[in-house]
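# Structural features, examined
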Amino acid sequence: MNLTWHKLAESIEEIPWNANNLAEIEAAGRSFCLARHNGQVFAIAPKCPHASGRMAGGVIDGQGNVVCPLHRYKFCLSNGRNVSGEGYFLKHFPLEWREDGLYVGLQKGFLGIF
Ligand code: FES
């Protein structure tokens, strides 16, 4: 895959996590929602594909799904699959830890339309 990498944060402590281990953060002029679960960090679209609920306002369940705050649809953090069965797909992005911080990979030409 043809990706360009953009720095999100210097360290995990720098990310503004809320009490539910979710954060909204900007990079490359776009917003991302970050999720922290079982020692792993995931990057997903900031808005729900159903009706644009802010994913950072949701919660993470015990199976590693993010639950949208508006209508409680659930999406797998690692692949974006809508595990509650409504047929939507949540965009998710590859992350990479490097010596100088956390990077998100975007496909070349990605316009940031979620
Ligand atoms: S806006 Fe997310 S479930 Fe409806």
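Numbers given to residues run from 1 along each chain, matching the order in which its sequence is written. Given that this is a predicted model, residues contribute local features only at a pLDDT of at least 70 and side-chain atom pairs are listed and counted only at 80 or more, while totals for whole chains, interfaces and linings are drawn from all residues. Each side-chain value is worked out from all heavy atoms of the structure, with water and hydrogens disregarded.

### Section: the pairing of strand 10 (residues 101-107)
With 6 of its 7 residues buried, strand 10 lies for the most part within the structure. Strands pair, by our definition, only if DSSP identifies at least two bridges between them. Only DSSP runs of H or I covering at least 4 residues are called helices, and only runs of E covering at least 2 are called strands; the numbering of each starts at the N terminus. With antiparallel pairing between neighbouring strands as the criterion, strand 9 (residues 95-98) and strand 10 make up a hairpin whose turn holds 2 residues. Remark: exposure states derive from per-residue accessible area (1.4 Å probe, protein chains only) relative to the maximum for the residue type, with buried under 20%, exposed over 50%, and partly exposed in between.

### What about unusual backbone geometry?
In this structure, Asn21 takes a positive phi of about 65° despite not being glycine. Within the secondary structure layout, Asn21 lies in the loop between strand 1 (3-9) and strand 2 (22-27). Of note in this structure, Arg72 is not a glycine but carries a positive phi near 65°. For Arg72, the location among the structural elements is in the loop between strand 6 (65-67) and strand 7 (74-76).

### Quick look at the environment of Tyr88
Tracing the backbone shows Tyr88 in the loop between strand 7 and strand 8 (92-93). For Tyr88, a relative accessible area of 32% puts it in the partly exposed group. For the pair Tyr88 and Pro49, spaced 39 residues apart in sequence, the C-alpha separation works out to 6.5 Å. Setting aside its immediate chain neighbours within four residues, Tyr88 contacts Pro49, His50, Tyr73, Phe75 and Asn82. Throughout, a residue-residue contact means that at least one pair of heavy atoms, one from each residue, lies within 4.5 Å.

### A short note on the side chain of Ser31
Relative to the elements of secondary structure, Ser31 occurs in strand 3 (residues 30-37). Engagement of the side chain of Ser31 in a polar contact is seen with the side chain of Glu26, the distance being 3.5 Å. N or O atoms closer than or at 3.5 Å make up a polar contact, with two conditions inside protein: a donor-capable atom paired with an acceptor-capable one, and, for residues adjacent in sequence, both atoms drawn from side chains.

### Description of the sheet that holds strand 8
Each strand in a sheet pairs with another by means of backbone hydrogen bonds, the pair being arranged parallel or else antiparallel. Spatial ordering of the open sheet is given by 2-3-4-8, a layout of 4 strands whose pairing is antiparallel. Two strands lie at the open edges of the sheet, namely strand 2 and strand 8, each paired on one side alone. Bridge count between strand 3 and strand 4 (residues 40-44): 5 bridges; the pairing is antiparallel. For His37, the partnering residue across the bridge sits in strand 4 and is Gln40.

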